[in-house]
Amino acid sequence: MKEKIIVIGGGVAGLMATKELTEKGIEVILLEANERLGGRINTLLDVQFDVPVEAGAEFIHGDLPLTQQLLKKAKINYHAIGEERVFIKNGRWDAPDDPIPHWDLLIKRMKEVTIDITIAHFLDLYFSEEQY
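Residues numbered from 1 in each chain as written. Predicted model: local features only at pLDDT ≥ 70, side-chain atom pairs only at ≥ 80, totals over all residues. Heavy atoms only, no water.

Caption draft 1: Spotlight on helix α1 (residues 12-23). Helix length check: α1 (twelve residues) gives 16 Å between terminal C-alpha atoms against 16 Å at 1.5 Å per residue, within 8%. Of the positions making up α1, those classed as buried are G14, T18 and L21. In an axial view of α1, the angular spread of the buried residues amounts to 70°, which keeps them on one side of the axis. α1 presents V12 and A13 as exposed residues on the side facing more than 90 degrees away from its buried surface. For α1, the secondary structure elements touched by its buried residues are β1 (4-8) and β2 (27-31). After α1 finishes, the residue G25 shows a positive phi value of roughly 85°. (Helix = DSSP H or I, 4+ residues; strand = E, 2+ residues; numbered from the N terminus. Expected span 1.5 Å × (residues − 1). Buried < 20%, exposed > 50% of the residue type's maximum accessible area, 1.4 Å probe, protein only. Arc of directions from axis to C-beta. Contact = heavy atoms within 4.5 Å.)

Here it is as structure tokens:
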């Protein structure tokens with residue numbers, strides 16, 4: 001009898017689990033409660049906006065090979081951005097007045113990450129002390 005697995009949730013983790021299992025020849029049923037897949041990833045392509053608008057997850061952090069491979073395979077475009085921060089103040093783009101404490105260390109540590117980890121794990125690893 002062929003194996004069958006039910007994956008609950010069509011967010012990134014559920015979609016990745018489904019992909020891995022089906023590539024191994026396992027029959028998968030993917031259950032998602034919402035009308036669309038993607039979980040927190042929710043790009044709105046609405047005629048009211050000149051450009052796509054992200055209503056959920058907005059950034060891909062890091063330059064990890066698996067992420068890049070999946071984007072390429074799915075033919076998903078992305079745009080690399082730097083760490084520059086800007087704020088909107090009185091309706092105008094403005095440089096921040098006060099630097100964010102430990103910002104440079106945060107960027108340095110983010111660049112050191114070589115595997116996918118949750119933000120909670122990242123903070124536990126690098127910023128668990130009370131000063132942060």
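Caption draft 2: Inspection of the pairing of β2 at higher detail. The pairing of β1 with β2 spans five bridges and is classified as parallel. The residue bridging K4 from the neighbouring strand is E27, located in β2. (Pairing = 2+ DSSP bridges.)

Caption draft 3: Summary view of the packing of aromatic side chains. According to the stated counting rule, one finds three aromatic pairs in the structure shown. When the ring of F122 is compared with that of F127, the centres are 5.9 Å apart and the planes differ by 45°; the resulting orientation is tilted. Judged by its relative accessible area of 6%, F122 falls in the buried class. By relative accessible area, which is 12% here, F127 ends up buried. Relative to Y132, the ring of F127 lies with its centre 4.8 Å away and its plane at 85°, an arrangement referred to as edge-to-face. (Phe/Tyr/Trp six-rings, centres within 6.5 Å; stacked < 30°, edge-to-face > 60°.)

Caption draft 4: How the structure looks around the pattern of salt bridges. Taken as a whole and judged by the stated rule, the model has four salt bridges. Note that K19 is salt-bridged to E23, the shortest N-O span being 2.9 Å. One end of the pair is K19 and the other is E23, both in helix α1 and four residues apart, which spans about a single turn. Of the residues examined, K19 reaches a relative accessible area of 23% and is grouped as partly exposed. Within this structure, K19, E23 and K73 form a network of salt bridges that share partners. (Salt bridge = Lys/Arg side-chain N within 4 Å of Asp/Glu carboxyl O.)

Caption draft 5: Just a nonpolar patch on the surface, in detail. On the surface, I6, I8, I29 and L31 cluster together into a nonpolar patch covering about 420 Å² of accessible area. For the nonpolar patch, the elements supplying multiple residues, two or more each, are β1 and β2. Examined against the element boundaries, I6 turns out to sit in strand β1. (Patch = residues over 30% accessible without salt bridge, like charges linked within 9 Å, V, L, I, M, F, W, Y side chains within 5 Å. Areas by Shrake-Rupley, 256 points an atom, 1.4 Å probe, with all protein chains shown as cover.)

Caption draft 6: A look at the packing of α1 against helix α2 (residues 65-73). Running from N to C, α1 and α2 cross one another at 80°; their axes reach a closest spacing of 14 Å. What the angle tells us is that α1 and α2 run roughly perpendicular. Across from M16, K19 and E23 in α1, the residues of α2 making contact are L66, L70 and K73. Class assignment of the residues belonging to the contact of α1 with α2 gives a composition of three nonpolar, no polar and three charged. (Axes fitted to C-alpha atoms, helices over the stretch in contact; angles between N-to-C directions. Parallel < 35°, antiparallel > 145°, perpendicular 65-115°, else oblique. Nonpolar A, V, L, I, M, F, W, Y, C, P; charged D, E, K, R; others polar.)

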